[in-house]
Amino acid sequence: MFINNEFFYDYDAAQYSENRLVPLGLNFRVNGHLGLSAYYMVQSVRSEDDWNSVHIIGTLIKWRLRITGLKRVPKALPSGLLGIARGRSSSSHTRSAKEIPMEFETVRVEGDGPVRHLILNRPKVHNAINAQFIDDVTQACLSLDHLEDVRVVILRGEGKSFCSGADLKMPERNTTATIDLSKAGARMADVLTHLSPITIACMHGYCIGGGAVLPATCDFRLAARSTRLTINEVSIGYNLTWHTIPAVVQLVGPARAKEMIILGHTYAPDQLLAYGYVNEVTDDDALLPRALELAAEICNQPPWPTFSTKASINAYAKALDRSVHHLDHISSALMGHSANSRTARATYFDKGNRTYVDE
């Protein structure tokens, strides 16, 4: 979609919301150079005149835009990565849970009413991440975003760990496939970041690699005392992908982010709390009850100001994320061919010094 030839939509929305008040989270570039995040409020789009009254409601930029060259008015809008204002659409436009696909291979969706649980469900491998996992989390989030009554999504892991990172049994990929997988992971992180309901990550056991940064895409993070978090991508010869470096920086600041990502240390929950990576630390058996308490507190707040505030804070905090992180996918592909990266992966569990070649 082009607005005065200066805007293009940069997200593959798979679900749509019809004729309702929608704060719409989008990533876009102005004149092809500057990456920004904006949030659009579109009210009851039924005609071209309505499309011509799109407003940005972010805190960084306030423009009035006129869409040009619109040949056909779509019947529906992308569901919004952010803040769908609940309760304004008529019953004829409301999708029930029975109409939304909720069966997935590697995750489970549980609950009804305003609080739902998105459960990572590969407990035999500590919820390790593979391509199916990435697709399932993405589709589950899109499905949850389409339900009118959901106010809070609790993200948690089945079994002994929250998520142990990349599945070591995934097959080797060529350059194109590596880039595709990196893009898919970024889409998953984007959908989770901009999910309309408020998100709460319940961390326990191993949180490694991608499993360490998935909580950073959530609005609140609760850590059980068993939590051991390691961002180990650099240690195994890769860059931290999924566009999540900005998310880590926003939580702990540049200096701590460099420490956590470059050195790949393992952190206990009290240190994560001191760094600002998590909101609270609790006993393991109190983790889910505390998440439910927090969810109830969120649900007690009025919906529209809650969603709008999340949208505004994300707009401010993430406005320049893409502009400084545009080589994410290409870097992943290049590092897959690096001899030093292969050495790092092969010797990751060795305690001795590693020897690298001049590349």
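Residues numbered from 1 in each chain as written. Predicted model: local features only at pLDDT ≥ 70, side-chain atom pairs only at ≥ 80, totals over all residues. Heavy atoms only, no water.

1. What to know about the overall build of the protein chain
Now for step 1: Check the secondary structure of the protein chain and you find eleven helices and 15 strands.
Now for step 2: Per-residue burial for the protein chain yields a buried fraction of 52% across its 359 residues.
Now for step 3: Here the contacts in the protein chain between residues at least 6 apart in sequence split such that 71% fall between residues at least 24 apart.
Now for step 4: Accessible surface computed for the protein chain: about 17,000 Å², of which carbon and sulfur atoms make up 53%. (Helix = DSSP H or I, 4+ residues; strand = E, 2+ residues; numbered from the N terminus. Buried < 20%, exposed > 50% of the residue type's maximum accessible area, 1.4 Å probe, protein only. Contact = heavy atoms within 4.5 Å. Areas by Shrake-Rupley, 256 points an atom, 1.4 Å probe, with all protein chains shown as cover.)

2. As for the packing of helix H2 (residues 131-145) against helix H3 (residues 175-193)
Now for step 1: Where H2 contacts H3, the axes come no closer than 9 Å and their chain directions differ by 30°. If you check the angle between H2 and H3, you find them roughly parallel. Of the two possible hands of crossing, H2 and H3 adopt the one that is left-handed. Taking contact as the criterion, the partners of Ala131, Phe133, Ile134, Val137, Thr138, Cys141 and Leu142 in H2 are, on H3, Leu181, Ala184, Gly185, Met188, Val191 and Leu192.
Now for step 2: For the contact of H2 with H3, a count of residues per class yields eleven nonpolar, two polar and no charged. (Axes fitted to C-alpha atoms, helices over the stretch in contact; angles between N-to-C directions. Parallel < 35°, antiparallel > 145°, perpendicular 65-115°, else oblique. Left-handed = near helix turned anticlockwise from the far one by under 90°. Nonpolar A, V, L, I, M, F, W, Y, C, P; charged D, E, K, R; others polar.)

3. Some points on the confidence of the model for the protein chain
Now for step 1: In this model, the protein chain carries an average pLDDT of 77, and 71% of its residues clear a pLDDT of 70 or more.
Now for step 2: The low-confidence segment residues 1-94 (pLDDT under 50) makes 226 contacts with residues lying over four places distant or belonging to another chain. (pLDDT = per-residue confidence, 0-100.)

4. Notes on the sheet that holds strand E8 (residues 115-120)
Now for step 1: Taken in spatial order, the six strands make up an open sheet running E7-E8-E9-E10-E12-E15, and their pairing is mixed. Edge positions in the sheet fall to strand E7 (107-110) and strand E15 (280-282), since each has one partner strand and no second. Direction aside, neighbouring strands of the sheet carry axes that sit 20° apart on average.
Now for step 2: Seen against the sheet, H2 touches E7, E8 and strand E9 (152-157) and runs at an angle of roughly 175° to E8. (Pairing = 2+ DSSP bridges.)

5. A few points about helix H8 (residues 287-299)
Now for step 1: Given a rise of 1.5 Å per residue, 13 residues ought to cover 18 Å, and the 18 Å separating the end C-alpha atoms of H8 matches this to within 8%.
Now for step 2: Where H8 is buried, its residues contact E8, E9, strand E10 (198-203), strand E12 (220-224) and E15. (Expected span 1.5 Å × (residues − 1).)

6. Re the pairing of E8
Now for step 1: For E8, the buried fraction is high: six of the six residues fall into the buried class.
Now for step 2: Because side chains alternate across E8, one face comprises the buried residues Val115, His117 and Ile119, and the other comprises Arg116, Leu118 and Leu120, equally buried.
Now for step 3: Here E7 pairs with E8 via four bridges, running antiparallel. Looking across to E8, one finds that Arg108 is bridged to Ile119.
Now for step 4: The antiparallel pairing of E7 with E8 creates a hairpin that spans four residues between the two strands, and Gly111 there sits at a positive phi of about 100°.
Now for step 5: Bridge count for E8 against E9 is six bridges, and the pairing is parallel. Considered in E9, the bridge of Leu120 is made with Gly157.

7. Looking at a nonpolar patch on the surface
Now for step 1: On the surface, a cluster of nonpolar side chains totalling about 260 Å² of accessible area is made up of Val234, Ile262 and Leu263.
Now for step 2: As for its placement among the helices and strands, Val234 is situated in the loop between strand E13 (228-230) and helix H5 (245-252).
Now for step 3: Residue Val234 is classed as partly exposed on the basis of its relative accessible area of 35%. (Patch = residues over 30% accessible without salt bridge, like charges linked within 9 Å, V, L, I, M, F, W, Y side chains within 5 Å. Salt bridge = Lys/Arg side-chain N within 4 Å of Asp/Glu carboxyl O.)

8. Focus on the sheet that holds strand E14 (residues 266-267)
Now for step 1: What the three strands build is an open sheet, ordered E11-E13-E14; its pairing is mixed. Of all the strands in the sheet, the pair left with one neighbour each is strand E11 (206-208) and E14.
Now for step 2: One ladder, built from two bridges, connects E13 with E14; its direction is antiparallel. Paired with Leu229 across the bridge in E14 is Tyr267.

9. Some details on the nonpolar core
Now for step 1: Membership of the largest hydrophobic core comes to 51 residues, with the highest contact counts inside it found for Leu118, Leu229, Ile231, Val248, Met260 and Tyr277.
Now for step 2: With residues up to four places along the chain from it excluded, the contact list for Met260 reads Leu229, Ile231, Val252, His265, Tyr267, Leu272, Tyr275 and Tyr277.
Now for step 3: Judged by nonpolar contacts, the second largest core, of 13 residues, contains Val115, Ala224, Ala291 and Ile298. (Core = buried A, V, L, I, M, F, W, Y, C linked by side-chain atoms within 4.5 Å.)

10. Quick look at the pattern of salt bridges
Now for step 1: Enumeration according to the criterion identifies eleven salt bridges in this entry.
Now for step 2: Two residues, Glu259 and Arg256, come together in a salt bridge whose shortest N-O distance is 3.2 Å. Linking Glu259 with Arg256, this pair stays in helix H6 (residues 254-263), spanning three residues, or about one helical turn.
Now for step 3: Overall, the relative accessible area of 35% leaves Arg256 in the partly exposed class.
Now for step 4: The partner of Arg290 in a salt bridge is Glu293, with the nearest N and O atoms 3.3 Å apart. Taken as a pair, Arg290 and Glu293 lie in helix H8 at a separation of three residues, close to a single helical turn.
Now for step 5: Through salt bridges with shared partners, one network takes in Arg108, Glu110, Arg156 and Glu158.

11. Observations regarding the environment of Arg116
Now for step 1: In this structure, Arg116 sits in strand E8.
Now for step 2: The contacts of Arg116, once residues within four sequence positions are left out, are Glu110, Gly111, Leu144, Leu147, Asp149, Val150, Val152, Val153 and Ile154.
Now for step 3: Only 3.3 Å separates the side chain of Arg116 from the side chain of Asp149, close enough to count as a polar contact. (Polar contact = N/O pair within 3.5 Å; in protein donor to acceptor, adjacent residues only side chain to side chain.)

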